[in-house]
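Single-letter residue listing:
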Amino acid sequence: MPAKTRPSLTILQALRTEQGGWQSLAECKGMDPDLFFPTPGKGYHNPLEVQLAKQVCAQCPVSKPCLDYALAIGEMWRGIWGGTTPQERRRIRKSRRTGTTCA
Ligand code: SF4
């Protein structure tokens with residue numbers, strides 16, 4: 001079985017500025033990607049960065065497709081997508097697999 005690869009951070013960041021589709025309506029379009037993909041070593045996903053990113057996502061008209069996309073591509077380790085942290089997405093994925101609800 002081939003090894004499962006993850007999209008590179010550059011590709012993930014580019015998706016936020018892609019033309020067409022739900023990405024064109026993204027509230028984060030044109031914003032500093034460091035807000036959503038904090039630089040490792042500088043306090044990856046510190047609470048303030050997460051809170052700021054989530055505030056943007058809360059205003060976003062495409063937060064659901066954004067989250068669905070992140071779950072579909074298996075992006076469980078980097079970035080804020082659809083207002084969720086990687087840890088929250090892993091919890092959502094697990095609850096969907098087991099049929100339980102997230103707390
Ligand atoms: S939900 Fe957040 S990360 Fe996703 S497109 Fe909207 S603003 Fe960007």
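As shown above, the structure is provided for reference.
Residues numbered from 1 in each chain as written. Predicted model: local features only at pLDDT ≥ 70, side-chain atom pairs only at ≥ 80, totals over all residues.

Student: How should the overall build of the protein be read in this particular structure?
Tutor: Per the secondary structure count, the protein includes 4 helices and 0 strands. Across the protein, helices and strands are ordered from the amino to the carboxyl terminus as α-α-α-α. A burial count over the protein gives 17% of its 103 residues as buried. Nonlocal contacts in the protein, meaning residues at least 24 apart in sequence, comprise 43% of its contacts between residues at least 6 apart. (Helix = DSSP H or I, 4+ residues; strand = E, 2+ residues; numbered from the N terminus. Buried ≥ 20, exposed ≤ 12 C-beta atoms within 10 Å, placed from the backbone. Contact = placed C-beta atoms within 7 Å.)

Student: What should I look at first to understand the nonpolar core in this one?
Tutor: It is characteristic of soluble globular proteins that their nonpolar side chains tend to be buried jointly. The biggest cluster of nonpolar side chains holds 11 residues, and these are Ala26, Cys28, Phe36, Phe37, Ala53, Cys57, Val62, Cys66, Ala70, Ile80 and Trp81. Elements that contribute at least two residues to this core include exactly helix 2 (47-58) and helix 3 (63-73). Trp81 has contacts with Cys66, Leu67, Ala70, Glu75 and Arg89, leaving out every residue within four places of it along the chain. (Core = buried A, V, L, I, M, F, W, Y, C linked by C-beta atoms within 7 Å.)

Student: Can you help me understand the site of the ligand in this one?
Tutor: By nearness alone, 15 residues border the ligand, and Ala26, Cys28, Cys57, Cys60 and Cys66 come closest of all. If you list the elements that add at least two residues to the shell around the ligand, you get helix 2 and helix 3. Its residues assigned to classes, the shell around the ligand shows 10 nonpolar, 3 polar and 2 charged. (Near = placed C-beta within 6 Å. Nonpolar A, V, L, I, M, F, W, Y, C, P; charged D, E, K, R; others polar.)

Student: Sorry if this is basic, but what is going on with the environment of Arg89 here?
Tutor: Looking at where Arg89 falls in the secondary structure, it is placed in helix 4 (residues 86-98). Arg89 sits in the buried class, given 21 other C-beta atoms within 10 Å. When the C-alpha positions of Arg89 and Asp68 are compared, they lie 9.8 Å apart, and in sequence the two are 21 residues distant. What Arg89 contacts, discounting residues up to four positions off in sequence, is Ala70, Leu71, Met76, Trp81 and Thr84.

Student: For this particular structure, what's the right way to read helix 3?
Tutor: For the α-helix, the turn length of 3.6 residues means that residues three or four positions removed from each other point alike. Those residues of helix 3 lying buried are Ser63, Cys66 and Ala70. Here the buried residues of helix 3 occupy an arc of 65 degrees about the axis, which is enough to place them on one side. Every exposed residue of helix 3 that faces more than 90 degrees away from the buried side is listed here: Lys64 and Ala72. Lining the buried residues of helix 3 we find helix 2 and helix 4. The positive-phi residue at the C-terminal boundary of helix 3 is Gly74, with phi of around 75 degrees. (Arc of directions from axis to C-beta.)

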